[in-house]
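# Analysis of the macromolecular model
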Amino acid sequence: MNTTTINGAAAHHDHDHDHAPAGIMRWLTSTNHKDIGTLYLWFSLFMFFFAGALAMVIRAELFQPGLQLLQPNVFNQLTTMHGLIMIFGAIMPALVGFANWQVPLMIGASDMAFPRLNNWSFWLLPAAGTLLIASFFVPGGAIAGGWTMYPPLFMQGGIAYDMSILAVHILGISSIMGAINIITTILNMRAPGMTLMKMPLFVWTWLITAYLLVAVMPVLACAITMLLTDRHFGTHFFDAAGGGDPIMFQHIFWFFGHPEVYIMILPSFGIVSTVIPTFARKPLFGYVSMVYAVASIAFLSFIVWAHHMFTTGMPVAGQLFFMYATMLIAIPTGIKVFNWVATLWRGSISFETPMLFSLAFVFLFTIGGFSGLVLALVPVDIQLQDTYYVVAHFHYVLFSGSAMSIMAGVYYWLPKWTGHMYDEKLGKLHFWLTTIAFNVTFFPMHFLGLAGMPRRIPDYSLQFTDFNKIASLGGFLLGASQLLFLYVVIKCVRGGEPAGNRPWDGADSLEWTQTSPPPYHSFVTPPLVK
Amino acid sequence: MLNFPDRRAGLSFFAARLLIGLIAGLVPSLSRAEYALNLPAPASDLAQSIYDLHTLILWICLVILLVVFVPMAIALVKHRKSAGYQAAKFHDNLLVEIIWTIIPVLILFFMARPAASLVVSMKDTTKEDLTIKVTGYQWKWEYEYLGDNIRFMSNTSTPKEQIEGSQPKGENYLLEVDRPLVVPAGKKVRLVMTSSDVIHAWWVPAFGVKQDAIPGFIRDSWFKVDKPGTYRGQCAELCGVGHGFMPVVVEVVPPEQFASWKKEQIAMAATAAANANKTYGMAELKALGEKVYSANCAACHQPDGAGLPGAFPALNGSKIVSGDKSGHIDIVLNGKPATAMASFGKQLSDLDIAAVVTYERNSWNNKTGDVVQPADIAARRK
Ligand code: HEM
Ligand SMILES: [Cu+2]
Ligand SMILES: [Cu+2]
């Protein structure tokens, strides 16, 4: 723990001449983990609305059969960019925003280990975001081959394809730097007495996630660089005519892609594992097994990638291996769900907004886990691959999983971040609207997929009409409800009942020992953890 | 402090009203719908086994769901702070944790066995009765009956007017083609698949067959369907702007009927060959050319020849189209590498290419007056 004291002293020393500049320069030059966390969160909220607006247009086109609003090429641009921006622009930055705000506060550190790197990690994002949004306006429009960027289709586009490759590179660099920062912070800057096994589970999940990021973002970078050289420099990595193999791209992409989905869900597990004990007023059940479950999920996530490729026609042995490995992931995932339920059991439960979102997470994420299990069975997957069933699956794990856990976390920590209580009544309204609209939108997609509706099509045959109507109406309500979220957040930032240091009587991690909002430099002298 | 039990009830009531309103708005369409909630009726043994496996895993999921969420529901109702419940303090129980790790492992072992044996039989493409080569093109399928010299393209036949809404949509909207794949009932059909451009996936849900068609590689799959009938599916892998308009239709016919169909096809091919040196008039070529254009070219270059700026070049007023005939023919025959422009020489007959080139050179603002004959095309094929 030597380092901790040294760092603590260093932060203290800085304090005297690190007064934040005012106005825009405060944000541009900030090296403060709280400011940067705030920037990450606002950026991701903006991208969430942008990509959400694309989804509204998609649902409007799919409201009835026939082409009404969009030409197919525009439709493909919208689905592609919706996915790409939601993943890289909304969910991932939001989770990094949580890490920035919460990791130092929860481990009793004064800031992140590399504050300047932190500034740089954030300010790369608007550059990448601008490139992505601008790509809609270049000749030919944005990329339209799916967020998975499969060649050879990806070879057939214009300048937007190169802009997007550049954007994803930038996002990747930002993620890697952010991850290195988080790892270093967690390993070196914990308060004296906070052993690894005493860390809040949220910190554990981020530690493991950061390792995943460092491991797989470079793989993605390789894949898209190979696309770029195939496009412009005459290589033939993925071009069969030149001796390459288009399926190799899918292997590389999903070697990144499957860990990526866990990058988006592990911190969510951390948030939910923080919120549930607070409002059940009972310690998290099975802390140690939770840590091991997260670690084994992370490990397994490296050996299941080809379950996204069962229809490419692998040898039997390959299909069986990836089926078994994928099924195995259900075990640690199940353990987590059991532990959450056991935490609730004989608690003293109350239902504030963050808790409502977390409870919905447990239930709906599990439904997504079940559909994952269904898809893990190769023969069933062959029927369902590339249908709306998969769309339902990943929205259950990504919207009611990642996005709703992010909302839980926002409501949970907003009082700490702003010093004000949010409007509980509106928060609950937001919860109910979101949960109901979410299910109305996405549950019918299971049926559509089973009945045979492919994904990524701008028009569909008549048998799919009714469920698509329902999904579209649900989708509009889901989109509109998020405006309420924006309103509640802004209202809370502007004012509200003072939150006090610890608004939740069941909360016990270190951030609640600080004032709300915490001082610009918190934990200048590290706290002592018993 | 932050607990509003009464207002919470009010809110959920409001939310429930909203849901009811939403559903009420849908009633008119609900009443006439046939809701497909499950996989389509299987037509092959494989599809049946997939169906059963899916049913089995659903029941297992349902049981697990109840085992997990009934206790959760009980806790949420009974162990509430507002009901005055005091929290217990336990946070570990090794025995319980071991049990709920081992039971799921056993369930998975139980599931893995039937799934694995089904995988093995899906992969078993030996002992086939006939083999058909399926090639994906942007955005149509080509079927070639290996060893029989039958080869044809299968294009969507849904009229543009139906898609754009100026005509009512037919019963098989988007799931109909000009020439379906015809196969004999009760025979094991092996499909070998590949693609000429991007990855496609050939899929007929009732058969339980979905296989990616990958350029430069050959993959195979099989089905055996006993009941004659028409079976429909779609391309399942995003393949560009026409991806939603790339249906698969399979006609399963009794073996005798299949035999006579085959004879017909061979005879048709012979007549086409005999016509290779015939000359055609402008009107004739333009009429055929328009059909070929809307089936093969319009998705990118647009029906009015205006293209999509930045993505697909306009043909109306294009330099190539108004320039030398041979340059025009060459790009249609050989395509343009690294773009969506395919080499249609592999896909279309000389007559079709002659027709479409004539059509393009004499439509919209293009008025070259050139008439291109099938023999001109044959001459430029190397
Ligand atoms: C029990 C755990 C899970 C299992 C067994 C599972 C299994 C699968 C399988 C087999 C597929 C491939 C489906 C196909 O394309 O045919 C798939 C797709 C997908 N899964 Fe999961 N999954 C699980 C959890 C998750 C989680 C936690 C996330 C994200 C937070 C996630 C996100 C996705 C996404 C985004 C796709 C689709 C990607 C695409 O094709 O665009 N899954 N999952
Ligand atoms: Cu995966
Ligand atoms: Cu397709």
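Residues numbered from 1 in each chain as written. Chains lettered and ligands numbered in written order. Predicted model: local features only at pLDDT ≥ 70, side-chain atom pairs only at ≥ 80, totals over all residues. Heavy atoms only, no water.

Let us look at the overall build of chain B. For chain B, the helix and strand inventory stands at 11 helices and 10 strands. For a compact globule of 382 residues, the expected C-alpha radius of gyration is about 21 Å, and chain B comes in at 29 Å, more than 25% above that figure. Structurally, chain B occupies a C-alpha span of about 95 × 55 × 40 Å along its principal axes. Looking at the 382 residues of chain B, the share that counts as buried comes to 46%. (Helix = DSSP H or I, 4+ residues; strand = E, 2+ residues; numbered from the N terminus. Rg over C-alpha atoms; globule rule 2.2 N^0.38 Å. Buried < 20%, exposed > 50% of the residue type's maximum accessible area, 1.4 Å probe, protein only.)

This paragraph deals with the site of ligand 1. Residues and elements named next belong to chain A. In the neighbourhood of ligand 1, 22 residues make up the surrounding shell, with Trp-147, Asp-381, Gln-385, His-393 and Arg-455 lying closest. Here His-393 contributes a side-chain N or O atom positioned 2.9 Å from a nitrogen atom of ligand 1. One nitrogen or oxygen atom from the side chain of Arg-455 is found 2.9 Å from an oxygen atom belonging to ligand 1. Every element with two or more residues in the shell around ligand 1 is listed here: α8 (246-280), α11 (353-376) and α13 (388-418). In terms of residues, the shell around ligand 1 owes the most to one element, α11, which gives six residues. Considering only residue class, the shell around ligand 1 consists of 13 nonpolar, seven polar and two charged. (Near = heavy atom within 4 Å. Polar contact = N/O pair within 3.5 Å; in protein donor to acceptor, adjacent residues only side chain to side chain. Nonpolar A, V, L, I, M, F, W, Y, C, P; charged D, E, K, R; others polar.)

Between chain A and chain B, the residue contacts involve 110 residues of the former and 108 residues of the latter. Between chain A and chain B lies a buried interface of about 9,600 Å² when both sides are counted; carbon and sulfur atoms form 73% of it. Counting every contact that joins chain A to chain B gives zero salt bridges. Remark: the boundary between chain A and chain B carries 21 residue pairs in polar contact (both at pLDDT 80 or more). The element contributing the most residues to the side of chain A that touches chain B is helix α10 (residues 316-344) of chain A, with 15 residues. (Contact = heavy atoms within 4.5 Å. Buried area = accessible area lost by both parts, 1.4 Å probe. Salt bridge = Lys/Arg side-chain N within 4 Å of Asp/Glu carboxyl O.)

With that settled, the discussion passes to the pairing of strand β5 (residues 189-195) of chain B. All names here are of chain B. Among the seven residues in β5, six count as buried, and that is most of the element. As judged from the seven bridges shared by strand β1 (residues 130-137) and β5, these two strands associate in the parallel manner. Along β5, the bridge assignment pairs Gly-136 with Ser-195. Note: β5 against strand β8 (residues 219-223), five bridges, orientation antiparallel. Bridge pairing in β8 links Val-192 to Asp-220. (Pairing = 2+ DSSP bridges.)

Attention now goes to the coordination of the copper ion (ligand 3). For a metal bound by four donors in a tetrahedral arrangement, the ideal donor-metal-donor angle is 109.5 degrees, while six donors in an octahedral arrangement ideally sit at 90 or 180 degrees. Residue and element names in this part refer to chain B. In this structure, Cys-235 (SG), Glu-237 (O), Cys-239 (SG) and His-243 (ND1) serve as the protein donors to the copper ion (ligand 3), at separations of 2.1 to 2.5 Å. Taken together, the four donor atoms coordinating the copper ion (ligand 3) and their angles of 86 to 127° define a geometry best described as tetrahedral. Classification of Glu-237 by relative accessible area gives buried; the value is 5%. By relative accessible area, which is 2% here, His-243 ends up buried. (Donors = N, O, S within 2.8 Å, 3.2 Å for Na, K, Ca; no water. Tetrahedral: all angles 85-135°; square planar, octahedral: opposite > 155°, others 65-115°.)

Another point: the side chain of Thr358(B). All names here are of chain B. Residue placement: Thr-358 occurs in helix α10 (residues 350-361). Thr-358 gets classed as buried once you look at its relative accessible area, which sits at 0%. A polar contact of 2.6 Å, which involves the side chain of Thr-358, links it to the backbone oxygen of Ala-354. Dropping the residues within four chain positions of it, Thr-358 is found in contact with Met-282, Leu-285, Lys-286, Asp-370, Val-371 and Val-372.

A few words on the nonpolar core. Of all hydrophobic cores here, the largest spans 241 residues; its most connected members are Phe88(A), Leu266(A), Trp340(A) and Leu344(A). Shared between two domains, this core takes at least three residues from each, and those domains are domain 1 (45-77 + 94-122) and domain 2 (130-160 + 174-254) of chain B. Once you skip the residues sitting within four places of it in the chain, Leu344(A) turns out to touch Ile276(A), Ala280(A), Ile349(A), Met355(A), Leu359(A), Met72(B), Ala75(B), Leu76(B) and His79(B). Judged by nonpolar contacts, the second largest core, of 43 residues, contains Leu130(B), Tyr145(B), Val209(B) and Ala213(B). (Core = buried A, V, L, I, M, F, W, Y, C linked by side-chain atoms within 4.5 Å. Domains from an automatic or database assignment.)

This next bit is on unusual backbone geometry. Residues Pro151(A) and Pro152(A) are joined by a peptide bond in cis, for which omega reads 5°. Here Pro152(A) is to be found in the loop between α5 (115-134) and α6 (159-188). For the peptide bond that leads from Gln138(B) to Trp139(B), omega is 5°, which places it in the cis range. Located in the positive-phi region is Asp386(A), a residue other than glycine, with phi close to 60°.

Working note: a packed helix pair is described by the angle between its axes plus the distance between those axes. All names here are of chain A. In contact at an axis separation of 10 Å, helix α3 (residues 33-61) and helix α15 (residues 465-494) are set at 160° when each is read in the N-to-C sense. Viewed along their axes, α3 and α15 adopt a mutual orientation that is roughly antiparallel. For the pair α3 and α15, the crossing hand works out as left-handed. The class makeup of the residues in the contact of α3 with α15 is 14 nonpolar, five polar and one charged. (Axes fitted to C-alpha atoms, helices over the stretch in contact; angles between N-to-C directions. Parallel < 35°, antiparallel > 145°, perpendicular 65-115°, else oblique. Left-handed = near helix turned anticlockwise from the far one by under 90°.)

Turning our attention to the domain arrangement of chain B. A common way to report how large an interface is uses the accessible area buried once the components associate. Residue and element names in this part refer to chain B. Partitioning chain B into domains gives domain 1 (45-77 + 94-122), domain 2 (130-160 + 174-254) and domain 3 (276-381). Computed from C-alpha atoms alone, the centre-to-centre distance between domain 2 and domain 3 is 26 Å. Facing the 11 residues of domain 2 at the interface are 10 residues of domain 3. Both sides of the domain 2 and domain 3 interface together cover about 850 Å² of buried area, and 56% of this is carbon and sulfur. Where domain 2 packs against domain 3, one counts zero salt bridges. Here domain 2 and domain 3 share two residue pairs in polar contact (both at pLDDT 80 or more) between them.

Residue and element names in this part refer to chain A. Counted by the stated rule, this structure contains 13 salt bridges over all chains. Salt-bridge contacts for Asp-162 lead to Arg-231; the nearest nitrogen and oxygen are separated by 2.9 Å. Residue Asp-162 is found in helix α6, and its partner Arg-231 is found in helix α7 (residues 201-232); the two are separated by 69 residues along the sequence. Like Asp-162, the residue Arg-231 is buried in the burial classification.

This next bit is on the coordination of the iron atom of ligand 1. All names here are of chain A. Of all protein atoms, His-393 (NE2) alone acts as a donor to the iron atom of ligand 1, lying 2.2 Å away. Taken as a pair, the iron atom of ligand 1 and the copper ion (ligand 2) show a spacing of 4.6 Å. Inspection of the secondary structure assignment puts His-393 in helix α13.

Attention now moves to the sheet that holds β5(B). Residues and elements named next belong to chain B. Taken together, the five strands give an open sheet; going across it, the order is β3-β2-β1-β5-β8, and neighbouring strands pair in mixed fashion. Only two strands of the sheet have a single partner each, and these edge strands are β3 (150-154) and β8. Ignoring strand direction, the axes of neighbouring strands in this sheet form an average angle of 25°.

What follows covers empty space enclosed by the protein. Applying the stated criterion across every chain, the model contains six cavities of 30 Å³ or more. Lining the largest cavity we find 16 residues, and of these Ile382(A), Met122(B), Lys123(B), Gln211(B) and Ser221(B) sit closest to its centre. Elements supplying a minimum of two residues to the lining of the largest cavity: α3 (94-123), β7 (209-213) and β8 of chain B. For the lining of the largest cavity, the per-class residue count stands at seven nonpolar, six polar and three charged. Residue assignment places the lining of the largest cavity across two domains, with domain 1 (45-77 + 94-122) and domain 2 (130-160 + 174-254) of chain B each supplying three or more. Computed from the structure, the second largest cavity encloses a volume of approximately 100 Å³. Around the second largest cavity, the lining comprises 14 residues; the ones closest to its centre are Met92(A), Val96(A), Leu125(A), Ser174(A) and Ser175(A). For the lining of the second largest cavity, the secondary-structure elements that each account for two or more residues are α4 (72-107), α6 and α7 of chain A. Class assignment for the residues of the lining of the second largest cavity results in 11 nonpolar, three polar and no charged. (1 Å grid on protein atoms, 1.4 Å probe; cavity = no way out; pocket = protein on both sides within 12 Å on 5 of 7 lines; lining within 4 Å. Points joined across faces, edges and corners; volume = space filled by probe spheres on them.)

On to the packing of aromatic side chains, then. Taken as a whole, this structure holds 61 aromatic pairs over all chains when the rule is applied. Seen in terms of ring centroids, Tyr150(A) and Phe249(A) are 6.4 Å apart; in terms of plane orientation they differ by 75°. Their pairing is edge-to-face. Taken together, the residues span a long stretch of sequence, with Tyr150(A) in the loop between α5 and α6 and Phe249(A) in helix α8 at a distance of 99 residues. Above the plane of the ring of Tyr173(B) lies Lys169(B), whose end atom (NZ or CZ) is 5.0 Å from the centre. For the cation-ring pair, Lys210(B) lies above Trp203(B), with the distance from its terminal atom to the ring centre recorded as 4.1 Å. (Phe/Tyr/Trp six-rings, centres within 6.5 Å; stacked < 30°, edge-to-face > 60°. Lys NZ or Arg CZ within 6 Å of the ring centre and 35° of its normal.)

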